[in-house]
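# Observations on the model geometry
Chain residues, written in single-letter form:
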Amino acid sequence: MASLPNWCLVIVADTKTPLESTYLSKIGMKNNSNYSKIIKYLSVKEQTILYPLLSEIIPLNTFGRKNIGYMYAIHHKAKLIWDFDDDNDGIADLNDFKKPFDHVKVCKHSQNILLNPYPYFGGKETRTWPRGFPLQYIKSNETLPKLCTSRRNVQLGIVQSLANNQPDVDAIYRMTRDVPFNFRASPTSHRPLVLPRGTYAPFNAQATLWFAPSFAYMALPLSVNGRVSDIWRSYIAQYFLHSKNIRLAFSSPYVIQDRNAHDILRDFNAELDLYQKSQQLVHFLSSAEYVNSDIVELYKHLYTRQYIEQLDIQFAEAWTKTLASITESA
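Residues numbered from 1 in each chain as written. Predicted model: local features only at pLDDT ≥ 70, side-chain atom pairs only at ≥ 80, totals over all residues. Heavy atoms only, no water.

Quick look at unusual backbone geometry now. That bond from Lys99 to Pro100 is cis: its omega, -15°, falls within 30 degrees of zero. Within the element layout of this structure, Pro100 appears in the loop between β4 (88-90) and β5 (103-106). Of note, the amide linkage connecting Val179 to Pro180 takes the cis form, showing an omega dihedral of 10°. Tracing the chain through its elements places Pro180 in the loop between α6 (171-176) and β8 (193-194). The backbone phi angle of Asn165 is positive, close to 75°, even though this residue is not glycine. (Helix = DSSP H or I, 4+ residues; strand = E, 2+ residues; numbered from the N terminus.)

Within the structure shown, the criterion is met by 15 aromatic pairs. Between Trp129 and Tyr173 the ring centres are 5.0 Å apart and the planes differ by 75°, which places this aromatic pair in the edge-to-face class. One end of the pair, Trp129, is in the loop between β5 and β6 (147-150); the other, Tyr173, is in helix α6, and 44 residues separate them in sequence. Pair check on accessibility: Trp129 and Tyr173 agree, each one buried. (Phe/Tyr/Trp six-rings, centres within 6.5 Å; stacked < 30°, edge-to-face > 60°. Buried < 20%, exposed > 50% of the residue type's maximum accessible area, 1.4 Å probe, protein only.)

A separate point is helix α5 (residues 66-75). Every α-helix carries 3.6 residues per turn, so stepping three or four residues along brings you back to the same face. With respect to burial, α5 is a largely interior element, nine of its 10 residues being buried. Residues of α5 that are buried include every one of Lys66, Asn67, Ile68, Gly69, Tyr70, Met71, Tyr72, Ala73 and Ile74, and no others.

Before going further, it helps to spend a moment on the environment of Leu147. Its place among the elements puts Leu147 in strand β6. Once the C-alpha coordinates of Leu147 and Cys107 are considered, the two residues, 40 residues apart in sequence, prove to be 5.2 Å apart. When residues no more than four places from it in sequence are discounted, the contact partners of Leu147 are Val104, Lys105, Val106, Cys107, Tyr120 and Leu193. (Contact = heavy atoms within 4.5 Å.)

It is worth spelling out the pattern of salt bridges at this point. With the rule as written, the count across this model stands at 11 salt bridges. Here Asp102 ties to Arg151 by a salt bridge, and the two come within 2.9 Å at their closest N and O atoms. Of the two residues, Asp102 sits in the loop between β4 and β5 while Arg151 sits in the loop between β6 and β7 (156-164), which places them 49 residues apart along the sequence. The class of Asp102 is partly exposed, set by a relative accessible area of 36%. The class of Arg151 is partly exposed, set by a relative accessible area of 48%. (Salt bridge = Lys/Arg side-chain N within 4 Å of Asp/Glu carboxyl O.)

This part is about the nonpolar core. If you look at the biggest cluster of nonpolar residues, it comprises 75 residues, and the most contacted ones within it are Leu54, Trp232, Phe315 and Trp319. The element contributing the most residues to this core is helix α7 (residues 226-244), with nine residues. If we skip the residues at most four places from it in the chain, Trp319 touches Leu54, Asn67, Tyr70, Met71, Phe215, Ala216, Met218 and Ala219. The next biggest cluster of nonpolar side chains, apart from the first, holds 17 residues, and it includes Ala92, Leu209, Ala249 and Tyr254. (Core = buried A, V, L, I, M, F, W, Y, C linked by side-chain atoms within 4.5 Å.)

If you want it as structure tokens, here you go:
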């Protein structure tokens, strides 16, 4: 990532992160005189100075510290943000998403509230599903709608790149199916799949391209496990994007994941909320029961329904206040 032109790599340091000079040396950039233009090492101290509200509410040494990196990128007028994990190699090709671009969409009269994107891209098994997809629907043909090609202009907010070798699947999948595997699709063989307005599918924080209109919804909840946080964010972000007619797309794999060591049973326990609550969350967000454009108010409703804890209401307030302050100072 550090060697890519026109990108700036933001490193959100933590108490366990090596010092800047050591880190740069490890990634082979210590002797690069231009590194300050392409790499930003955000020390814990600098995070506290720049974004005190977020730094105070987000615990150190947690997945949620990524939120400070997002805010830094937004603050410094990023046009795109590539949200990725350190065990993923690759990046989406921006040329594939220049307007107008060829894509597939759900054919008329085939739309459902939920869509499983994996089968379109050629998963290895008869039934393949992304982490966070409601288990009640993994055998439902209604989540596999008929698709039609299109070149119609759409406003993209988010593109989720699938991953080869270690795709993002849940612990149940890993304990019952063969992993690793590769999708049969490639960017040249399969057009991106653009979800229709009002349809939901989970996406992650491992290989996701965010466009400026969606930046406000990048916030990762803090009070749930990291295996749940990015999935809750994905559903929440889609709720707001639907209200603005901004679209989510899934693409063939641009990345290969060489997965860090995991304990599958520990992952299973960490993902219990996904197995037990994803369906209800999607139904709540897609129902007429709730209509609001305020992320803090939505978090309050999610708290009363036990999807998140009180900490996340405070976090949402800190996120929106910080976002407003950097926007006003621009």
